[in-house]
There are 2 protein chains.
Amino acid sequence: MDQPDRPQPADGPAEGTPLRRRGKALEAAIFEAALDQLTSGGFARMTMEGVAGAAQTGKAALYRRWASKADLVMDALVAAMPPPADFPDLGSAEAELRQVVHGYIEVLNSRIGAAVRTLMGELDHERAELFKGFLHERVIEPTTEGILGILRRGEARGDVRRGAAVPMVADVLPAMLLYRARVCVGMIEEDFCEELLGRVLLPMIRP
Amino acid sequence: MDQPDRPQPADGPAEGTPLRRRGKALEAAIFEAALDQLTSGGFARMTMEGVAGAAQTGKAALYRRWASKADLVMDALVAAMPPPADFPDLGSAEAELRQVVHGYIEVLNSRIGAAVRTLMGELDHERAELFKGFLHERVIEPTTEGILGILRRGEARGDVRRGAAVPMVADVLPAMLLYRARVCVGMIEEDFCEELLGRVLLPMIRP
DNA sequence: CCGATAGTGAACGCAACCGTCTTTTAGGGT
DNA sequence: ACCCTAAAAGACGGTTGCGTTCACTATCGG
């Protein structure tokens, strides 16, 4: 039952590469290391020493910028966050939901997606208060609102049943993606998308 | 951004109560403390010292029984786990799903439910390997199989659409419960049950 | 080239926790 | 009452990481 208790060191620059970076380049490396350490071990197990080591820099360089681990994580999240997703009118709720699912699968399979997923999994820990606001404003609520928009349009168009444009229905998509990410190993495959649409989402909203 | 970094001490026996317990009574107190510490801070932040303190015992008493923190958590989970849920034939998929949702809400609002929820949230951390087998065998798969049984009966009976008796559909219920538990503060209320049924589950499976 | 400054690497004292050990105490059984 | 033994309490040496400091070095801009 004894396993290493720390996130694994991330791969750093290749050997022979000049190691001293300044300013933005160093920050990018630090952010990358921070998100990776966060993902592989959770917030508690992520350490400033680990991040510094993975970014091949010194702790002093981290503490010159950030007072705490949480400050660093928050800045790393903000820096890596993609722009808000679009939820354009594609003429059918099915096409729109398919695009959303594809988009979210792509994000979840990315570094920032994995980090967000980790924090979502820790939302009910006491330290999650640190990130709750960010996750609600930048992840949870935009997702729900965007899908709600699709459902409203669908209701008006007629390809979504009346009464479906509510947050509970909008939350099924993110809930299923997170559950799938939790329960199964590895990346979410694209065929998951078609099954989620065909078995769950479209039957649920059909008129 | 500085907050306490450890789970809060659980309430122990009242002052003046004799503190020395032996055997099963002490183990029960230790298990309770372990699950509470696990829930409030996650696996990483739970410590043997914290558990010992919350159970008002000494570390030596813990180490006499369990070689490691993970061993303790596993035994605490096994001891606290309710018997497998029943999924009886109630004559309609609606009634059956309502009973399941009620049952799971009740479990999720309990100590063992909160602990399981915490571990579900950490399933993709490296240390989650320790509990993955347990969670799959005792939580995830029984849930999916039980709901699948309901869906199959419903298909045969005619109140569930053809093609709905698949794991993807069966996973919507636990996925939504976990998402709700993650995203919203506090206990899951019973009116959540009716909305989940009325807006999501029944529309999704209706013929 | 030179000066300013950020980065590097090492070291430091401290806190928290681990796992172990010892002495004392008290609960349970006979 | 007596005895056995598990539990309580405290201490210990070791490890890890924190946050800080310092001397040196590399980089950038003038």
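Residues numbered from 1 in each chain as written. Chains lettered and ligands numbered in written order. Predicted model: local features only at pLDDT ≥ 70, side-chain atom pairs only at ≥ 80, totals over all residues. Heavy atoms only, no water.

Draft legend 1. How the structure looks around the UniProt feature "DNA-binding region" (unreviewed entry) in chain A. Per the UniProt annotation, the sites labelled "DNA-binding region" (unreviewed entry) are residues 47–66 of chain A. Between the C-alpha atoms that bound residues 47–66 of chain A the distance is 13 Å, and the span itself is 60% helix and 0% strand. (UniProt positions renumbered as here; feature names shortened; annotations may be inferred. Helix = DSSP H or I, 4+ residues; strand = E, 2+ residues; numbered from the N terminus.)

Draft legend 2. Molecular detail of the pattern of salt bridges. Residues and elements named next belong to chain A. Tallying each qualifying case throughout the model produces 24 salt bridges over all chains. With a shortest N-O distance of 3.1 Å, Lys59 and Glu49 are connected by a salt bridge. Taken as a pair, Lys59 in helix H3 (residues 59–63) and Glu49 in helix H2 (residues 48–54) lie far apart in primary sequence, ten residues in all. The class for Lys59 is partly exposed, based on a relative accessible area of 36%. Residue class for Glu49 comes out exposed when judged on its relative accessible area of 54%. Asp159 is the salt-bridge partner of Arg157, the closest N and O atoms lying 3.4 Å from each other. (Salt bridge = Lys/Arg side-chain N within 4 Å of Asp/Glu carboxyl O. Buried < 20%, exposed > 50% of the residue type's maximum accessible area, 1.4 Å probe, protein only.)

Draft legend 3. Broad picture of the environment of Ala175 of chain B. Considering the arrangement of structural elements, one finds Ala175 of chain B in helix H9 (residues 172–183). In this view, Ala175 of chain B contacts Ala175, Met176 and Tyr179 of chain A; residues no more than four positions away in its chain are not counted. (Contact = heavy atoms within 4.5 Å.)

Draft legend 4. Molecular detail of a negative patch on the surface. Residue and element names in this part refer to chain A. Taken together, the side chains of Glu106, Glu189, Glu190, Asp191 and Glu195 define an acidic patch exposed on the protein surface. Here the negative patch takes three residues from helix H10 (residues 190–205), the largest share from any one element. The residue Glu189 is located in the loop between helix H9 (172–183) and H10 in this model. (Patch = residues over 30% accessible without salt bridge, like charges linked within 9 Å, V, L, I, M, F, W, Y side chains within 5 Å. Areas by Shrake-Rupley, 256 points an atom, 1.4 Å probe, with all protein chains shown as cover. Lys, Arg positive; Asp, Glu negative; His and termini not counted. Charge placed at Lys NZ, Arg CZ, Asp CG, Glu CD.)

Draft legend 5. Highlighting the domain arrangement of chain A. Residue and element names in this part refer to chain A. According to the domain assignment, chain A consists of domain 1 (23–68) and domain 2 (81–204). Computed from C-alpha atoms alone, the centre-to-centre distance between domain 1 and domain 2 is 29 Å. For the pair domain 1 and domain 2, the summed buried surface comes to about 750 Å²; carbon and sulfur atoms form 69% of the total. Put simply, domain 1 and domain 2 have two salt bridges between them. A class-by-class count of the residues in the side of domain 1 that touches domain 2 yields three nonpolar, two polar and two charged. (Domains from an automatic or database assignment. Buried area = accessible area lost by both parts, 1.4 Å probe. Nonpolar A, V, L, I, M, F, W, Y, C, P; charged D, E, K, R; others polar.)

Draft legend 6. Structural detail: the packing of aromatic side chains. Taken as a whole and assessed by the stated rule, the structure comprises four aromatic pairs over all chains. Ring centres of Phe31 of chain A and Trp66 of chain A lie 5.5 Å apart, and the angle between their planes is 50°; on these two criteria the pair is classed as tilted. Separated by 35 residues along the polypeptide, Phe31 of chain A in helix H1 (residues 23–45) and Trp66 of chain A in the loop between H3 and helix H4 (69–80) bring together distant segments of the chain. As far as burial versus exposure is concerned, Phe31 of chain A and Trp66 of chain A are alike and both buried. Positioned above the aromatic ring of Phe192 of chain B, the side-chain terminus of Arg180 of chain B is 5.5 Å from the ring centre. (Phe/Tyr/Trp six-rings, centres within 6.5 Å; stacked < 30°, edge-to-face > 60°. Lys NZ or Arg CZ within 6 Å of the ring centre and 35° of its normal.)

Draft legend 7. Representation of the relation of the copies chain A and chain B within the structure. Its rotation angle being 180°, the transformation that places chain A on chain B also includes 0.0 Å of axial translation and leaves an RMSD of 0.1 Å. Considering both components of the superposition, the chain copies are consistent with a two-fold axis. Comparing interface residues between copies, 100% of those in chain A also sit at the interface in chain B, which points to an isologous, same-surface contact. (Least-squares fit on C-alpha atoms with pLDDT ≥ 70 in both.)

Draft legend 8. Just the confidence of the model for chain A, in detail. All names here are of chain A. Within chain A, residue pLDDT values average 89, and 90% of them lie at 70 or more. A low-confidence stretch, residues 1–5 stays under pLDDT 50, and its non-local contacts, those more than four residues away or across chains, total eleven contacts. Confidence drops under a pLDDT of 50 for residues 8–16, and excluding neighbours within four residues, the segment shows twelve contacts in the predicted structure. For this predicted complex, the interface score ipTM comes out at 0.88, alongside a pTM of 0.90. (pLDDT = per-residue confidence, 0-100.)

Draft legend 9. View of the interface of chain A and chain B. Counting residues at the interface gives 54 residues for chain A and 54 residues for chain B. For the pair chain A and chain B, the two sides together bury roughly 5,000 Å², of which 56% comes from carbon and sulfur. One can count zero salt bridges joining chain A with chain B. Between the two partners, chain A and chain B, sit 13 residue pairs in polar contact (both at pLDDT 80 or more). Those elements that place two or more of their residues in the side of chain A that touches chain B are H1, H4, helix H6 (111–121), helix H7 (129–157), helix H8 (167–170), H9 and H10 of chain A. With eight residues, the top contributor of residues to the side of chain A that touches chain B is H9 of chain A. (Polar contact = N/O pair within 3.5 Å; in protein donor to acceptor, adjacent residues only side chain to side chain.)

Draft legend 10. Geometry of helix H1 (residues 23–45) of chain B. For H1 of chain B, with 23 residues, the first-to-last C-alpha span of 26 Å runs short of the 33 Å given by 1.5 Å per residue. Its axis deflected by about 90° at Thr39 of chain B, H1 of chain B carries its strongest bend there. (Expected span 1.5 Å × (residues − 1). Bend = angle between axes of the 7 residues up to and from the residue.)

Draft legend 11. Geometry of the UniProt feature "domain: HTH tetR-type" (unreviewed entry) in chain A. Here the UniProt feature "domain: HTH tetR-type" (unreviewed entry) sits at residues 24–84 of chain A. With 75% helix and 0% strand, residues 24–84 of chain A has its two end C-alpha atoms placed 23 Å apart.

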